Amino acid sequence: MTAIAPTLTTDRLTLRAHVMDDFAPLYDLFASDRAKYMGGPVDAKQMWYWIAAEVGSWQLKGFGSWGIERNSDGAFMGQIGINQPHHFPEPELGWVLLETYEGQGYAAEAATLARDWYWASFDADTLVSYITPGNTRSEALATKLGAIADENGPWPGGEDVAETTVYRHRRAA
């Protein structure tokens, strides 16, 4: 199993292991009202636990989250990950972009790179993305990636199922 996130690149971005400098911008995002679509807002303690779990997931599961960095200037843009905490019935492809970097195709590029890495690394046919209704950007991105709403998709335990839509990504034939 991989103990640390592998580095993945495209012409425009790099997916790399999280570093401590990622904490502050992620915390600022998750403490804001924008986090209502991402399980927040949360306090600094909860944010620390989330990031630590996603980093530790690499050791425990062989997958986890990456920091997204723009190649042209090294700017931290957000996070992409494949995670499966104990209460998730299956791995989730999830993304978070800082507002400054939205609408430029970075999230789709990072999600495609992470998803394709997962397909190449694991014998699995599907991934899910749990999306809060009303998060139109994430709904559009899931659809752009080829995912479809799965009304029968399993829900994460302990989550408010009425507030989540399961989008299912299928491996290409």
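Coordinates for the structure precede this section.
Residues numbered from 1 in each chain as written. Predicted model: local features only at pLDDT ≥ 70, side-chain atom pairs only at ≥ 80, totals over all residues. Heavy atoms only, no water.

### Looking at the overall build of the chain
Across its full length, the chain holds four helices and eight strands. Secondary structure of the chain in N-to-C order comes out as β-β-α-α-β-β-β-α-β-α-β-β. Rg of the C-alpha trace for the chain: 15 Å, near the compact-globule value of 16 Å for 173 residues, within the 12% margin. Taken along its principal axes, the extent of the C-alpha atoms in the chain is 40 × 35 × 30 Å. Looking at the chain as a whole, 49% of its 173 residues are labelled buried. (Helix = DSSP H or I, 4+ residues; strand = E, 2+ residues; numbered from the N terminus. Rg over C-alpha atoms; globule rule 2.2 N^0.38 Å. Buried < 20%, exposed > 50% of the residue type's maximum accessible area, 1.4 Å probe, protein only.)

### Focus on the pattern of salt bridges
When the charged atoms of two side chains lie near each other, side chains of opposite charge can form a pair. Evaluated as defined, the whole model comprises ten salt bridges. One salt bridge in this structure joins Arg16 and Glu69, with 2.8 Å as the shortest N-O distance. Within this pair, whereas Arg16 is found in strand S2 (residues 13-16), its partner Glu69 is found in strand S3 (residues 65-70), the two being separated by 53 residues in sequence. The exposure class assigned to Arg16 is buried, which follows from its relative accessible area of 12%. For Arg168, the salt bridge identified is with Asp150, shortest N-O distance 2.6 Å. With Arg168 in strand S8 (residues 165-170) and Asp150 in the loop between strand S7 (148-149) and S8, the pair connects residues that are 18 residues apart, well separated along the chain. Ionic contacts of the salt-bridge type, sharing partners, join the residues Arg16, Asp22 and Glu69 into one network. (Salt bridge = Lys/Arg side-chain N within 4 Å of Asp/Glu carboxyl O.)

### With respect to the environment of Thr10
Checked against the element boundaries, Thr10 lands in the loop between strand S1 (8-9) and S2. Among the residues examined, Thr10 registers a relative accessible area of 23% and is labelled partly exposed. Between the alpha carbons of Thr10 and Met38 there is a distance of 26 Å; along the sequence they are 28 residues apart. Discounting chain neighbours no more than four positions away, the residues touching Thr10 are Asn71, Glu109 and Leu113. Of the polar contacts made by the side chain of Thr10, one reaches the side chain of Glu109; its length is 2.3 Å. (Contact = heavy atoms within 4.5 Å. Polar contact = N/O pair within 3.5 Å; in protein donor to acceptor, adjacent residues only side chain to side chain.)

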